[in-house]
Amino acid sequence: MKMSDEINPFDVAKTQIDIVAKEIGLDPNVREYLKRIERALIVTIPIMMDDGSMQIFEGYRVHHSTVRGPGKGGIRYSPHVYLDEVKALATWMTWKTSLLNLPLGGAKGGVCVDPKKLSNKELERLTRRYTAEIINFIGPDIDIPAPDVGTDKKIMAWIMDVYSMQKGRTIPGVVTGKPIEIGGSVGREPATGMGLFFVLEALCEKLSLKLEDQSIVIQGFGNVGGTIAQILYDHGCKILAVSDISTAIYSKSGLNVTKLLNWVSQGNYLKDYKEENYQFITNDELLTLKCNVLVPAAIENQITQQNADRINCQIVLEGANGPVIPEADKILFNKGIHVVPDILANSGGVCVSYFEYIQDIHSYFWKLDRINEELKRIIIEAFEETYKISRERKISLRTAAYVIAVSRVARAIELRGIFP
Ligand code: NAD
């Protein structure tokens, strides 16, 4: 559900297309086409609750572009999900798969629900009914969902089961981010965090910074935020602050990330964590803390005109999708802050999802070394290309990444032509 004064992420996505269209002189017809989604499905999900009452939820699945291949993108369970948010997330997936040059398009789904308020059985019924409602919209050669905020491997297993039951055979390639025992890939769960790490390491090298000397602040302590926190902590970086939806927690001398992750993995919130010398701070204080690297890894619209001039770091590494809006981008660029855009920084997830998908199709599974090696190769290739273009054209890393991604999709449209 959208609050009336909130920034609409789909407006943000469209503004980003306008910015790159100007940069590359994109055909105005193609620009308008890319600012639309191919199709959207809105579904009603009635659920029998454990107490015998019925509750009705709304769900979505959006295909932004399938011109380069089947749709690919996560499913979000959150009380804040609404259609325009899903449209924006689907659009960003198109650019992400294109930037990595994967033969996939962009899609996304969501259900407007607070999963923490449902029992396990209710969550299962919701997932199974949502899957049944979108069943003709998804499939290994149509659109392949994956986890996002509020969803995980258990939910992917239920989706795969419903799809397989309806089609009369086991079809693991319908979703990625599954448990390993039923066709998931090793390395998929930490993949987004690993990708963030590879990109940060490469950027530090370009900027002649020592990775282990960097102080880090992370917003969001789930799959993405938690993984990058642990990796950087293990590499000796000082993690100054992390946050979840309940609060932000700060220590001048650095947090013990392993202990904090252990705490939240037991279903606890950070607000209930007690440790001497740790201080609770607000979300605004977290984002504006002085540090070397700020990693927004929660949700969109976190760095806006309201706080951009107070951001006090050298690098913003976008773990989340859409955390920085275009107006804030300009301010950060003028301050000389390097913003590594979501479509590059957090693309490790979709990259290993793609590996999972091809492993499922071939029924042949890779070892972790191969996954991480291939992930690093693909993501670093995209980073190098993006960095080079940003230097050559004197543009932000985001605009440079969009130059590559949008040009590829535009070229595919040109080659295929407009049907009929
Ligand atoms: P998650 O549900 O595992 O974790 C989300 C974290 O953000 C939690 O700590 C939660 O408490 C916190 N959070 C939620 N709402 C918040 C709010 N309003 N303010 C502050 N904190 C809030 O989700 P995730 O999979 O880690 O995804 C986080 C972001 O990364 C999302 O933008 C998602 O689209 C993006 N992303 C995820 C993946 C992936 O593989 N999971 C891949 C690429 C991008």
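Residues numbered from 1 in each chain as written. Predicted model: local features only at pLDDT ≥ 70, side-chain atom pairs only at ≥ 80, totals over all residues. Heavy atoms only, no water.

> Please set out the overall build of the protein residue by residue, giving values where relevant.
Looking only at helices and strands, one finds 14 helices and 12 strands in the protein. Computed over C-alpha atoms, the radius of gyration of the protein comes to 20 Å, within 12% of the 22 Å expected from 2.2 N^0.38 for 420 residues, which places it in the range of a compact globule. Taken along its principal axes, the extent of the C-alpha atoms in the protein is 55 × 55 × 50 Å. For the protein, the residues scored as buried account for 59% of the 420 residues in total. Looking at the protein alone, contacts between residues at least 24 apart form 68% of all its contacts between residues at least 6 apart. (Helix = DSSP H or I, 4+ residues; strand = E, 2+ residues; numbered from the N terminus. Rg over C-alpha atoms; globule rule 2.2 N^0.38 Å. Buried < 20%, exposed > 50% of the residue type's maximum accessible area, 1.4 Å probe, protein only. Contact = heavy atoms within 4.5 Å.)

> Please provide a residue-by-residue account of the sheet that holds strand β6 (residues 215–219), values included.
As summarised here, the arrangement of the 7 strands in space is β9-β8-β7-β6-β10-β11-β12, forming an open sheet in which the pairing is mixed. If you trace the sheet from one side to the other, it starts and ends with β9 (279–281) and β12 (338–340), each paired once. Neighbouring strand axes in the sheet, compared pairwise and without regard to direction, differ in orientation by 20° on average. (Pairing = 2+ DSSP bridges. Axes fitted to C-alpha atoms, helices over the stretch in contact; angles between N-to-C directions.)

> Which residues make up the site of the ligand, and what are the values?
Taken together, 21 residues are adjacent to the ligand, and Asp-148, Thr-192, Val-224, Ile-245 and Asn-321 come closest. For the ligand, an oxygen atom lies 2.9 Å from a polar atom in the backbone of Asn-223. The backbone of Gly-319 places a nitrogen or oxygen atom 3.3 Å from an oxygen atom of the ligand. With the chains in place, 84% of the 830 Å² that the ligand exposes on its own is no longer accessible. The residue makeup of the shell around the ligand, split by class, is 8 nonpolar, 8 polar and 5 charged. (Near = heavy atom within 4 Å. Polar contact = N/O pair within 3.5 Å; in protein donor to acceptor, adjacent residues only side chain to side chain. Areas by Shrake-Rupley, 256 points an atom, 1.4 Å probe, with all protein chains shown as cover. Nonpolar A, V, L, I, M, F, W, Y, C, P; charged D, E, K, R; others polar.)

> Which residues make up the packing of aromatic side chains, and what values go with them?
Applying the stated criterion to the full structure yields 7 aromatic pairs. Measuring from ring centre to ring centre gives 5.6 Å for Trp-263 and Tyr-273, while their planes differ by 75°; the resulting arrangement is edge-to-face. One end of the pair, Trp-263, is in helix α8 (residues 257–265); the other, Tyr-273, is in the loop between α8 and β9, and 10 residues separate them in sequence. Judged by relative accessible area, Trp-263 falls into the partly exposed class, the value being 23%. Between the aromatic rings of Phe-355 and Trp-366, the centroid separation amounts to 5.1 Å while the plane-to-plane angle is 35°, which identifies the pairing as tilted. Of this pair, Phe-355 sits in helix α12 (residues 348–362) while Trp-366 sits in the loop between α12 and α13 (368–393), and the two are 11 residues apart along the sequence. Trp-366 sits in the buried class, given a relative accessible area of 14%. Every member of this aromatic cluster is reached through a ring pair, and the members are Trp-263, Tyr-273 and Tyr-278. The ring of Trp-366 has Arg-370 sitting right over it, with the charged end atom 3.9 Å from the ring centre. (Phe/Tyr/Trp six-rings, centres within 6.5 Å; stacked < 30°, edge-to-face > 60°. Lys NZ or Arg CZ within 6 Å of the ring centre and 35° of its normal.)

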